[in-house]
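As a plain string of letters, each chain reads:
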Amino acid sequence: MPVVWADAILTWALARLAGIVTYPLRLLGRPLRTLTAVAGKGSGGGTALPEARIIPRDQHPISRKQISRAALNVLYGLHEQGFQAFLVGGCLRDLLCGREPKDFDVVTDATPEQVQRLFKRSRIIGRRFQIVHVRFGREVIEVSTFRAFQRDDQELDRDQHSAHEETGLVLRDNTWGSIEEDALRRDFTINALYYNIADFALYDFVGSRRAIERGEISLIGDPEQRYREDPVRMLRAARFAAKLGFRLDQKASRKIPELAELLLQVPPARLFDEVLKLFLSGHARASMQQLQDLGLFHFLFPETDRSLKGPQGKVWEKLILAAMDNTDRRLADDKPVTPAFIFAVLLWPVTGARLEKLRADGMPPAPALHKAAGWALYQQVQHTAIPRRFSTVMREMWDLQDRLPRGGGRRAEALVQHPRFRAAYDFLLLREQSGELPAGLGDWWTRYQEADEDEREVMVQALGPNQGASGGGKRRRRRRKPANGQG
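All values reported here derive from a predicted model rather than from experimental measurement.

J.: Honestly, helix H22 (residues 441–450) in this entry has me stumped. Any pointers?
T.: One turn of the α-helix equals 3.6 residues, which is why residues spaced by three or four share an orientation. All of the buried residues along H22 are Gly442, Trp444, Trp445 and Tyr448. With its buried residues spanning 160° around the axis, H22 presents them on a single face. Considering only its buried residues, H22 is in contact with helix H20 (412–416), helix H21 (421–434) and helix H23 (453–462).

Structural data, given as structure tokens:
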């Protein structure tokens, strides 16, 4: 028997007698490195650390062929330098569910500074929790260091590693720990599975594989504490349920309506990113349903939520759900989508209600729409930030909703050339589909786009001289008033 293996077996046997389970993490011929799972109280301030259930390669379906070359480069790069290196989280969950992972995350015992020194094209990002982005071409691999528990003694040293508000919200979290602690710091059981590049085995600390097989989402630890640490976890729970078709267990779901207001503590810029994940990942309608069922939608789009509960609520809901379905279909067909479109639809009930009020007060249509749009955007950015590059597009889409019904005459050709025409046209079709507008106008614009130049001229003439803002024919000259003021 090789000396390395003999030493490894002897080390394991002695540790087993001492109440410590050690797992060899280096291959034959390499220096032995161990992963320790303490039975009983660990370093987490009295918290018992879990033992890993190791699932060897021949007992799970995940293959290196399914892992991106960039992720393998990072894993092997860390491993060759003596560091532990694991794939973790959503990529493994998706592979076990038969889905293609969107990205691959790596976790290691190397500090962010050590990771950055290993890979030239890398940079440390984040303040609340530092991670390293390692770039290979267009692909970015996110590398994080094992996280530790928040201990009582660490709470006293707020300036160095971690800080909490009285609410329990974690502000900074750069205390490094062991893989066992890291597993307990993960949010949901379905995201706490680890793939070890050293032996190609899965390391399961909290019953992750069973949870994935059962299609159940449960939190690791006390739900209220975990939601208070990071309220965005409530949105993640809704998103995973929508994306995977999994069910939230009672403990995970029961506290969400009660704690949903905690989302008001989250920076609007971060909530904007979370909204994109909810509505631009191919499961928009299911996400909308989850948000409403869990009482979360109100704290993301409060004015829209009020509109949905108003007199035209059913019309607005049909419009929004139609937009969600349209977005999901486009993503399924690999067609481009833009956040501006989905936000324009979500805020249209707010804009429309304000516009109606301003028109009733006697304000002309164009200024009223401009003012209503500004008010709706101002209200929304208090909750989810909307970058100007998107809010500008939204305003142009809304402006065209006013011009399309009036532009069926000589201005039609100019409107078709407008850079936002296609998005505004799609928006118009959804408004007709929901019943907000009578059918017919969308069909006219559909045929106009498909027609050649002669056919377009015939369509415009068929509208008659009184159709369209331009009158559909020759413009009438204004009669000059007589000098004596009599006509």
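Next comes the rest of the write-up.
J.: Mind showing me how you'd approach the environment of alanine 85 here?
T.: Mapped onto the secondary structure, alanine 85 falls in strand S6 (residues 85–88). Not counting residues up to four positions away in its chain, the partners in contact with alanine 85 are Leu75, Leu78, His79, Val107, Tyr195, Asn196 and Ile197.

J.: Just to check I follow, could you spell out the pairing of strand S13 (residues 193–196) for this structure?
T.: It is a general feature of regular strands that their side chains alternate between the two faces of the sheet. Burial along S13 is two-sided: the residues Leu193 and Tyr195 and Tyr194 and Asn196 are all buried. The pairing of S6 with S13 spans three bridges and is antiparallel. Paired with phenylalanine 86 across the two strands is asparagine 196, which belongs to S13. Pairing of S13 with strand S14 (residues 202–204), which is carried by three bridges, proceeds in the antiparallel orientation.

J.: Mind showing me how you'd approach the packing of helix H9 (residues 232–244) against helix H13 (residues 284–293) here?
T.: Between two packed helices, both the angle of their axes relative to each other and the distance between the axes serve to describe the pair. Axis separation between H9 and H13 bottoms out at 8 Å; the angle between their running directions is 135°. By the angle between their directions, the pair H9 and H13 is classed as oblique. With respect to the hand of their crossing, H9 and H13 are arranged in right-handed fashion. Across the interface between the two elements, Leu235, Ala238, Ala241 and Ala242 from H9 touch Ala286, Ser287, Gln290 and Leu291 from H13. For the contact of H9 with H13, the class distribution of residues is six nonpolar, two polar and no charged.

J.: Quick question: what am I supposed to make of helix H19 (residues 388–403) here?
T.: Over its 16 residues, H19 runs 22 Å from end to end, which matches the ideal 22 Å to within 8%, given 1.5 Å per residue. Taken together, the buried positions of H19 are occupied by Phe390, Ser391, Val393, Met394, Met397, Trp398, Leu400 and Gln401. For H19, the secondary structure elements touched by its buried residues are helix H12 (268–279), helix H17 (339–360), helix H18 (365–380), H20 and H21.

J.: When you look at the sheet that holds strand S8 (residues 122–125) in this model, what are you seeing that I'm missing?
T.: What holds strands together in a sheet is hydrogen bonding between their backbones, with the strands either parallel or antiparallel. Spatial strand order, S5-S14-S13-S6-S7-S10-S9-S8: eight strands in an open sheet with mixed pairing. Two strands lie at the open edges of the sheet, namely strand S5 (53–55) and S8, each paired on one side alone. Ignoring strand direction, the axes of neighbouring strands in this sheet form an average angle of 30°. Across four bridges, S8 lies against strand S9 (residues 131–136) in antiparallel orientation.

J.: It is not clear to me how the packing of aromatic side chains should be interpreted in this structure. Could you clarify?
T.: By convention here, two paired aromatic rings are described through the distance between centres and the angle between planes. Applying the stated rule across the entire model yields 17 aromatic pairs. Note on tryptophan 444 and tryptophan 445: the rings are 5.1 Å apart at their centroids and 85° apart in plane angle, and the pair reads as edge-to-face. Classification of tryptophan 444 by relative accessible area gives buried; the value is 10%. On the accessibility criterion, tryptophan 445 (0% relative accessible area) is buried. Residues tryptophan 445 and tyrosine 448 carry aromatic rings whose centres are separated by 5.8 Å and whose planes lie at 75° to one another, so their mutual orientation is edge-to-face. Of this pair, tryptophan 445 and tyrosine 448 both sit in helix H22, three residues apart, which is roughly one turn of the helix. By relative accessible area, which is 3% here, tyrosine 448 ends up buried. Of the aromatic side chains, those joined through ring pairs into one cluster are Phe86, Phe146, Tyr194, Tyr203 and Phe205.

J.: Even after reading the chapter, I still don't get the packing of helix H16 (residues 313–332) against H21, so can you show me in this structure?
T.: Following both chains from N to C, one finds H16 and H21 inclined at 135°, their axes separated by 8 Å at the closest point. The orientation of H16 with respect to H21, classified from their angle, is oblique. Of the two elements, H16 crosses H21, and the hand of that crossing is right-handed. Residue-level inspection shows Val315, Lys318, Leu319, Ala322 and Ala323 of H16 in contact with H21, the latter providing Phe427, Leu430, Arg431, Gln433 and Ser434. Class assignment of the residues belonging to the contact of H16 with H21 gives a composition of six nonpolar, two polar and two charged.

Rules behind the numbers
Residues numbered from 1 in each chain as written. Predicted model: local features only at pLDDT ≥ 70, side-chain atom pairs only at ≥ 80, totals over all residues. Heavy atoms only, no water. Buried < 20%, exposed > 50% of the residue type's maximum accessible area, 1.4 Å probe, protein only. Helix = DSSP H or I, 4+ residues; strand = E, 2+ residues; numbered from the N terminus. Arc of directions from axis to C-beta. Contact = heavy atoms within 4.5 Å. Pairing = 2+ DSSP bridges. Axes fitted to C-alpha atoms, helices over the stretch in contact; angles between N-to-C directions. Parallel < 35°, antiparallel > 145°, perpendicular 65-115°, else oblique. Left-handed = near helix turned anticlockwise from the far one by under 90°. Nonpolar A, V, L, I, M, F, W, Y, C, P; charged D, E, K, R; others polar. Expected span 1.5 Å × (residues − 1). Phe/Tyr/Trp six-rings, centres within 6.5 Å; stacked < 30°, edge-to-face > 60°.

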